[in-house]
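Results of the structural survey
If you want the building blocks of each chain, they are given just below.
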There are 2 protein chains.
Amino acid sequence: MTEPRETDTDAPEADFQLSRQDIDAINKAVDDGDGPALDAALEPMHAADIADLIEQLTPARRREFLHLYSGEIDGEILSEIDESIRDEVIEQLPREVVAEAVREMDSDDVVDLIEDMEEPEQQAILAALDESDRAAVERSLTWPEYSAGRLMQSEVVTAPEHWSVGEAIDFLRAEEWLPDQFYHVVLVDPRRHPTGYVTLGKLLASRREVLLRDITEDSFRTISARQDEGDVAYAFNKYHLISAPVVDDDDRLVGVITIDDAMSVLDEEHEEDFLRMARVSDDSHVSDGPFQTARQRLPWLVINLCTASLSALVISRFESTLAQLVILAALMPIVASTGGIAGTQSLAVAVRALATRELTSANARRVILRELMAGMLNGLGLAVILTLAGAIILGSLQIGLVLGMAMIANQVVAAMGGVLVPLSLSRLGLDPALASGTFVTTMTDMMGFFAFLGLASWILV
Amino acid sequence: MTEPRETDTDAPEADFQLSRQDIDAINKAVDDGDGPALDAALEPMHAADIADLIEQLTPARRREFLHLYSGEIDGEILSEIDESIRDEVIEQLPREVVAEAVREMDSDDVVDLIEDMEEPEQQAILAALDESDRAAVERSLTWPEYSAGRLMQSEVVTAPEHWSVGEAIDFLRAEEWLPDQFYHVVLVDPRRHPTGYVTLGKLLASRREVLLRDITEDSFRTISARQDEGDVAYAFNKYHLISAPVVDDDDRLVGVITIDDAMSVLDEEHEEDFLRMARVSDDSHVSDGPFQTARQRLPWLVINLCTASLSALVISRFESTLAQLVILAALMPIVASTGGIAGTQSLAVAVRALATRELTSANARRVILRELMAGMLNGLGLAVILTLAGAIILGSLQIGLVLGMAMIANQVVAAMGGVLVPLSLSRLGLDPALASGTFVTTMTDMMGFFAFLGLASWILV
């Protein structure tokens, strides 16, 4: 959005958040211990809003809330609650409420709920499920964490590939149980290999004698249960998939992933990259307390203390130059910090392009060259400004020239570091969003101080 | 993903990108001017992959490619091509190829294609559409940019709210034309106000005499055509919507938005935030040339030159202190840069939380207090390390103490700035991802230098 938002942030309709009045009413009901008033306030609300509300309460009020409202917590609300407080919520709910809630959930939501739990708590929840649901959840848990196998739901609507539209419709109309949400009928061969799918719309629109295999969608593609969930989300977005069958190592159908789950994963992956680039654990939540928050952020701060000490070491090599011309101390952060910004720019573009597969081995060399040239161009532009500023403001063309030359060198280092560091991390199989920033700003800081002070001691002193 | 990726990046199946061999084969066919070889290589590929390929070619080769392949460019490929090169591609295609491609597209894709074009080009494309499609596109274009009205498709399957399942099924089976993708039948009253929707799955599973209004989904909500598209994407993700009817100012049905389009918007909004936080125009593309790239990044670099000059001004006030104790010049970036990291951390968490509506007026005070305390805690922790390091490495407890005290002050400023700046921008209706970083690092730089040098001139000199 390049324009300012016109929407009124107080209107819940306008931006899908709870109004101040709603929250006040709910807080009051909780404080008064007034169960019926709470039920009345929450009655019209969507499960996702109730979950948001629970997340935003203070821990003490949350306990009170759960006590008053426990009877109404269902599977939908439970699966919407953020992982950061979900364990806390489950502990505070009566066991039978949790059991009842879990029985209503699709297998993928149960997997999501219990996969990070300790063995005994896992077992307690599994015990609440009936035989076939439990088996489905247990099968899902055998797939690696963050894989398609964990993301899929086992409930799939299938049809033999030789069926006609009429047979499929009759089957669906006779079937007692169908999933809440399904958009395709998956065609399978006798060995349960998926061979195509038909949308319900196409099914409804086709004549009864048409064969299913003649109206399958081109977009059909299967996903391996071992596939990383981030790649799955990428594929859904790229190929506009609505649902995709998941297969095991023998290519046999084991489940289906629907786009709403892929969309959640896409959202989480983006959030993770965003936070990682800023050196924040992707485990941070608004509901975290100050100690937790401080502890999550401290490691990167300590690492920065160490890398900044390297810069201090570089600067200390030029103590005699600085002693002779103290103004250099005031000017040196200009080169270092502008290099840092340029490095971050180049880095952000490269990290995104790697994530979207737009930066590949096919065009890496061109992108590196582009960054090099762009760095040189901006270095030159900034150098002109600095030289003039040096001459006019500081009254020293020489200082301006030193600033300018150092800036060119640092812009080139920034541009190169910004693309080469994430490319190298990615080649090593590491997440380029995670540590690139530290490498790049260490490079630009050290280079910024070194180039400026080095040139200064050569030319000025 | 916290674990390293197991997938082999050369396998196209594994991560949905083109293999080196495919690209080499295609490059060769283009260079040889071998149309049939090119057709054969592209035949099995998805439109999205062909679009990716076109984006990754050098401009010269792209021209050659389009010349050889123009007959095969259809609506699907055209709507997948990135905006950055789409105009270029359209210019190079024969007019009748574009016209044919546009006729195949859904109205939302046509809107997306032409909304940024100049009037004459827009008219040329609109002229290729038949009467009713053109009217639909023109209606869409009357809604504001980045609104639900631009995102929706006009093709909606509706049914009168009093119909039974049997009537709806008979209607669908008799209907000549149905959209490619649809998942719901929208119920409308006689004045075309949407009153609910029924999934196709529910329709198929229900008995013929059941009334549609008795099997509508709870998830139903309408979206105003004026709603910002980012809010629409947020609502789809939050409420797990698959499609949502769009209404005009009189609450009358004008179109429908489907989740795949909402997912694309979510992806773009995240990308925008990611790039904006790193001070890169969200208009940057991997296919941009060096001049374009340099020009897009220069403004923020020049702004940083100005803010860095403010820091230089702060430092220059302490020239006499620095002249007496040159080691201070080497140490001062430590306080400033560690403050910068802390500010970025706090900022990133706040910007995300604002985007996800987790940071609201209901909990803003608590989050501000949390940041304040976390900043103090980390300031204390870092101060202990710095004091010890000062005493042991530099042999001066006093310098260590000055470093430590300055660090505490700067960590608090960083934590406060990181949350108060985006909150304030957001209250003013501005995008907190856009300018917060510059404000916050300017604050932490200036505070870092000022606190350290101020304390040093008071205590040490």
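Cut-offs and rules
Residues numbered from 1 in each chain as written. Chains lettered and ligands numbered in written order. Predicted model: local features only at pLDDT ≥ 70, side-chain atom pairs only at ≥ 80, totals over all residues. Heavy atoms only, no water. UniProt positions renumbered as here; feature names shortened; annotations may be inferred. 1 Å grid on protein atoms, 1.4 Å probe; cavity = no way out; pocket = protein on both sides within 12 Å on 5 of 7 lines; lining within 4 Å. Points joined across faces, edges and corners; volume = space filled by probe spheres on them. Helix = DSSP H or I, 4+ residues; strand = E, 2+ residues; numbered from the N terminus. Nonpolar A, V, L, I, M, F, W, Y, C, P; charged D, E, K, R; others polar. Pairing = 2+ DSSP bridges. Axes fitted to C-alpha atoms, helices over the stretch in contact; angles between N-to-C directions. Buried < 20%, exposed > 50% of the residue type's maximum accessible area, 1.4 Å probe, protein only. Right-handed = clockwise from strand over helix to strand, strands pointing away. Domains from an automatic or database assignment. Contact = heavy atoms within 4.5 Å. Buried area = accessible area lost by both parts, 1.4 Å probe. Salt bridge = Lys/Arg side-chain N within 4 Å of Asp/Glu carboxyl O. Polar contact = N/O pair within 3.5 Å; in protein donor to acceptor, adjacent residues only side chain to side chain. Patch = residues over 30% accessible without salt bridge, like charges linked within 9 Å, V, L, I, M, F, W, Y side chains within 5 Å. Areas by Shrake-Rupley, 256 points an atom, 1.4 Å probe, with all protein chains shown as cover. Lys, Arg positive; Asp, Glu negative; His and termini not counted. Charge placed at Lys NZ, Arg CZ, Asp CG, Glu CD. Arc of directions from axis to C-beta.

Under an unreviewed UniProt entry, chain A has the name Magnesium transporter MgtE and belongs to Paracoccus pantotrophus. In UniProt, chain A has this text filed under Sequence similarities (unreviewed entry): "Belongs to the SLC41A transporter family." Among the UniProt annotations of chain A, the heading Subunit (unreviewed entry) holds the following wording: "Homodimer."

A few words on empty space enclosed by the protein. Using the criterion set out here, one finds 15 cavities of 30 Å³ or more in the structure. Taken as a whole, the largest cavity spans an internal volume of roughly 950 Å³. When contributions to the lining of the largest cavity are tallied by element, the ones reaching two or more residues are α16 (259–277), α17 (290–316), α19 (327–355) and α22 (432–459) of chain A together with α16 (259–277), α17 (290–316), α19 (327–355) and α22 (432–459) of chain B. A total of nine residues in the lining of the largest cavity trace back to one element, the largest contributor, which is α19 of chain A. For the lining of the largest cavity, the residue count by class is 20 nonpolar, 21 polar and four charged.

To continue, consider the sheet that holds strand β2 (residues 184–188) of chain B. All names here are of chain B. With mixed pairing, the three strands of this open sheet are ordered in space as β1-β2-β3. Each edge of the sheet is formed by a strand with only one pairing partner; in this case those strands are β1 (158–160) and β3 (194–199). If you compare each strand with its neighbour and ignore which way they point, the axes differ by 35° on average. Note: β1 against β2, three bridges, orientation parallel. Among the inter-strand pairings, proline 160 is bridged to a residue of β2, identified as valine 188.

Residue and element names in this part refer to chain A. For strand β2 (residues 184–188), the buried fraction is high: five of the five residues fall into the buried class. Since strand β1 (residues 158–160) and β2 lie parallel, the crossover through helix α13 (residues 165–174) that links them has a hand, and here it is right-handed. Pairing geometry for β2 and strand β3 (residues 194–199), over five bridges, is antiparallel. Within the sheet, the bridge partner assigned to valine 188 lies in β3 and is proline 194. Taking the residues that link successive antiparallel strands as the turn, the β2-β3 hairpin has five residues, and the phi of arginine 192 there is positive, at about 65°.

On to the UniProt feature "domain: CBS" (unreviewed entry) in chain A. Taken from the UniProt record, the annotation "domain: CBS" (unreviewed entry) applies to residues 152–213 and 215–272 of chain A. Between the end C-alpha atoms of residues 152–213 of chain A there is a gap of 24 Å, over a span that is 26% helix and 23% strand.

With that settled, consider the domain arrangement of chain A. Under the domain assignment, chain A is made up of domain 1 (12–142), domain 2 (158–277) and domain 3 (290–459). Inter-centroid distance (C-alpha atoms) of domain 1 of chain A to domain 2 of chain A is 29 Å.

A few words on the interface of chain A and chain B. Contact residues are listed per partner, giving 139 residues for chain A and 138 residues for chain B. Taken together, both faces of the contact between chain A and chain B bury some 12700 Å²; the carbon and sulfur share is 62%. If you look at where chain A meets chain B, you find eight salt bridges. Between glutamate 271 of chain A and arginine 352 of chain B there is a salt bridge; the shortest N-O distance is 3.2 Å. On inspection of chain A and its partner chain B, the count reaches 42 residue pairs in polar contact (both at pLDDT 80 or more). No other element matches α19 of chain A, which puts 18 residues into the side of chain A that touches chain B. For the side of chain A that touches chain B, the per-class residue count stands at 71 nonpolar, 33 polar and 35 charged.

What follows concerns a negative patch on the surface. Residue and element names in this part refer to chain A. A contiguous patch of negative charge, built from Glu83, Asp87, Glu91, Asp116, Glu118, Glu121, Glu145, Glu268 and Asp283, is present on the exposed surface. The element best represented in the negative patch is helix α7 (residues 83–92), accounting for three residues. Mapped onto the fold, glutamate 83 is located in helix α7. Assessed through its relative accessible area of 47%, glutamate 83 is described here as partly exposed.

With that settled, consider the sheet that holds strand β6 (residues 253–258) of chain A. Residues and elements named next belong to chain A. Pairing within the open sheet is mixed, and its three strands lie in the order β4-β5-β6. Looking at strand neighbours, the two that pair on one side only are β4 (223–224) and β6, the edges of this open sheet. As paired elements, strand β5 (residues 243–247) and β6 share five bridges and run antiparallel to each other. Paired with valine 247 across the bridge in β6 is leucine 253. Helix-sheet contacts for helix α15 (residues 229–239) involve β4, β5 and β6, and the interaxial angle to β6 is about 60°.

Further remarks concern unusual backbone geometry. Residue and element names in this part refer to chain A. One non-glycine residue, tyrosine 146, lies in the positive phi region at around 60°. On the secondary structure map, tyrosine 146 appears in the loop between α11 (131–141) and α12 (148–151). At arginine 357, a residue that is not glycine, the phi angle is positive and equals roughly 60°. Within the fold, arginine 357 resides in the loop between α19 and α20 (364–392).

This next bit is on the environment of glutamate 229 of chain A. Structurally, glutamate 229 of chain A can be placed in helix α15. Look past the residues within four positions of glutamate 229 of chain A in its chain and what remains in contact with it is Tyr146, Ser147, Leu151, Val265, Glu268 and Glu269 of chain A.

Moving on, we get to the pattern of salt bridges. Counted according to the given criterion, the structure contains 40 salt bridges over all chains. We note a salt bridge from glutamate 88 of chain A to arginine 62 of chain A, for which the minimum N-O separation is 2.8 Å. Here arginine 62 of chain A lies in helix α5 (residues 59–69) and glutamate 88 of chain A lies in helix α7, a separation of 26 residues in the sequence. On the basis of relative accessibility, which here comes to 26%, the residue glutamate 88 of chain A falls in the partly exposed class. The shortest N-O distance in the salt bridge between lysine 238 of chain A and aspartate 52 of chain B comes to 2.7 Å. Within this pair, whereas lysine 238 of chain A is found in helix α15, its partner aspartate 52 of chain B is found in helix α4 (residues 47–56), the two belonging to separate chains. Since its relative accessible area comes to 10%, lysine 238 of chain A is described here as buried. For aspartate 52 of chain B, a relative accessible area of 17% gives the class buried. Put simply, Asp49 and Asp52 of chain A together with Lys238 of chain B are held in one network by salt bridges that share partners.

With that out of the way, let us pick up the side chain of glutamate 271 of chain A. One can find glutamate 271 of chain A in helix α16. Within the structure, the side chain of glutamate 271 of chain A is placed 3.2 Å from the side chain of arginine 352 of chain B, a separation counted as a polar contact. Those residues in contact with glutamate 271 of chain A that lie beyond four places of it in its chain are His270, Arg352 and Thr356 of chain B.

What follows deals with helix α7 (residues 83–92) of chain B. All names here are of chain B. Burial in α7 covers these residues: Ile85, Arg86, Val89 and Ile90. Looking down the long axis of α7, one finds its buried residues gathered within 145° of arc, a one-sided arrangement. Packing partners of the buried residues in α7 comprise α4, α5 (59–69), α6 (75–80), α8 (95–104) and α9 (107–114).

Residues and elements named next belong to chain A. For β5, a buried count of five out of five residues is recorded, marking the element as mostly surrounded by other parts of the structure. Here β5 shows a buried face lined by Ser243, Pro245 and Val247 and a second buried face lined by Ala244 and Val246. Pairing between β4 and β5: two bridges, direction parallel. Bridge pairing in β5 places isoleucine 223 opposite valine 246. Taken together, β5 and the strand that follows it, β6, pair antiparallel across an intervening segment of five residues, in which aspartate 251 is found at a positive phi of about 70°.

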